[in-house]
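Summary of structural features
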Amino acid sequence: MSKKEVIDAVTMKRALTRITYEIIERNRGIENLVLVGIKTRGIYIAQRIAQRLQQLENVEVPVGELDITLYRDDHKETSEAELHSSDIPVSLEGKEVILVDDVLYTGRTIRAALDAVMDYGRPKRISLAVLVDRGHRELPIRADFVGKNIPTALTEEIIVEMEETDGVDRILIDREEA
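The sections below set out a description of the structure shown in this document. (Residues numbered from 1 in each chain as written. Predicted model: local features only at pLDDT ≥ 70, side-chain atom pairs only at ≥ 80, totals over all residues. Heavy atoms only, no water.)

1. Here we look at the sheet that holds strand β5 (residues 125–133)
Across the sheet, which stays open at both edges, the five strands sit in the order β3-β2-β4-β5-β6 with parallel pairing between neighbours. The open sheet is flanked by β3 (63–66) and β6 (145–149), the only strands paired with a single partner. Taking the axes of each pair of neighbouring strands and ignoring which way they run, one obtains an average angle of 25° across the sheet. One ladder, built from four bridges, connects strand β2 (residues 33–38) with β3; its direction is parallel. Opposite Val36, over in β3, you have Gly64 as the bridge partner. Each of β2, β4 (96–104), β5 and β6 is contacted by helix α1 (residues 9–27), which is oriented at about 150° to β6, the strand it contacts most. (Pairing = 2+ DSSP bridges. Helix = DSSP H or I, 4+ residues; strand = E, 2+ residues; numbered from the N terminus. Axes fitted to C-alpha atoms, helices over the stretch in contact; angles between N-to-C directions. Contact = heavy atoms within 4.5 Å.)

2. Remarks on the sheet that holds strand β8 (residues 170–175)
Strand order across the open sheet formed by three strands is β1-β8-β7, with antiparallel pairing between neighbours. Since the sheet does not close on itself, it has two edges, and those belong to β1 (2–7) and β7 (157–161), each with one partner. Pairwise comparison of adjacent strand axes, ignoring direction, gives a mean angle of 30° for this sheet. Packed on one face of the sheet, α1 meets β1, β7 and β8 and runs near 50° to β1.

3. Looking at the pattern of salt bridges
Applying the stated criterion to the full structure yields 13 salt bridges. With a closest N to O distance of 2.5 Å, Arg170 and Glu161 form a salt bridge. Residue classification places Arg170 among the partly exposed positions, given a relative accessible area of 27%. You can call Glu161 buried: its relative accessible area is 15%. Residues joined in a network through salt bridges with shared partners are Glu5, Glu161 and Arg170. (Salt bridge = Lys/Arg side-chain N within 4 Å of Asp/Glu carboxyl O. Buried < 20%, exposed > 50% of the residue type's maximum accessible area, 1.4 Å probe, protein only.)

4. Comments concerning the layout of surface pockets
Empty space within the largest pocket amounts to approximately 360 Å³. For the lining of the largest pocket, the secondary-structure elements that each account for two or more residues are β4, α3 (108–118) and β7. Take the lining of the largest pocket: its biggest share by element is four residues, from β4. Taken together, the residues of the lining of the largest pocket sort by class into five nonpolar, four polar and eight charged. In terms of lining residues, the second largest pocket is bounded by Ala9, Lys13, Leu16, Thr17, Thr20, Arg48, Ile49, Gln51, Arg52, Gln55 and Asp169. (1 Å grid on protein atoms, 1.4 Å probe; cavity = no way out; pocket = protein on both sides within 12 Å on 5 of 7 lines; lining within 4 Å. Points joined across faces, edges and corners; volume = space filled by probe spheres on them. Nonpolar A, V, L, I, M, F, W, Y, C, P; charged D, E, K, R; others polar.)

5. Focus: the nonpolar core
By size, the foremost hydrophobic cluster in this structure holds 31 residues, and its most contacted members are Leu35, Ile49, Leu131 and Ile171. Elements with a minimum of two residues in this core: α1, β2, α2 (41–57), β4, β5, β7 and β8. Each residue touching Leu131, except ones within four places of it in the same chain, is listed here: Met12, Ala15, Leu16, Ile45, Asp101, Asp102, Gly147, Lys148, Val160 and Ile171. One finds Leu99, Leu104, Ile110 and Ala112 within the second-largest nonpolar core, a separate group that totals 19 residues. (Core = buried A, V, L, I, M, F, W, Y, C linked by side-chain atoms within 4.5 Å.)

6. Remarks on the environment of Lys124
Position of Lys124 relative to the elements: it lies in the loop between α3 and β5. Considering only alpha carbons, one finds Lys124 and Val97, 27 residues apart in sequence, at a separation of 7.7 Å. Apart from the residues within four sequence positions on either side, Lys124 is in contact with Gly94, Lys95 and Glu96.

7. Here's the deal with the packing of aromatic side chains
Evaluation of the coordinates by the stated rule reveals zero aromatic pairs. Directly above the aromatic system of Tyr105 lies the positively charged group of Arg134, at a separation of 3.9 Å from the ring centroid. (Phe/Tyr/Trp six-rings, centres within 6.5 Å; stacked < 30°, edge-to-face > 60°. Lys NZ or Arg CZ within 6 Å of the ring centre and 35° of its normal.)

8. Let's talk about the side chain of Thr106
Checked against the element boundaries, Thr106 lands in the loop between β4 and α3. Thr106 gets classed as buried once you look at its relative accessible area, which sits at 15%. Those residues within four positions of Thr106 in sequence are excluded, and the remaining contacts are His136, Arg137, Glu138 and Leu139.

Structure follows, in structure tokens:
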């Protein structure tokens, strides 16, 4: 495997800023908005978007944390130690919810997240924001807000590294060598 950096910290910040502006434009006001980050890196991306929204619109947007472990269609028996808790600070009933994740791939994570969100109320609308869309969907799911489209081969992997967990902001592509 050989890892190659495809997005650096500056480009990642620009992509998140672009997503933030698109959210403002499409929502015509953000007073009824809730960002819900999918654990783990989706939470950090949601927090960064919320900070930028605060700077630009002077409105504090609630950020929730969503653990989809129990909702996955591919999870086996899960021990209590493996489960993380979700933390949604407000009711999602009637809200404009934006699910936030780092990489959109098959769509299975997002399908699980949609099921999980519904346990917190019935939102007016659910949108999806992702830092990277790499293609190869198995389900009919698409992102409403995309930082970067990075087409990949099935043998490649996208690795998102973030300051909060990895000490650096960047996106790598990991290629399987023949």
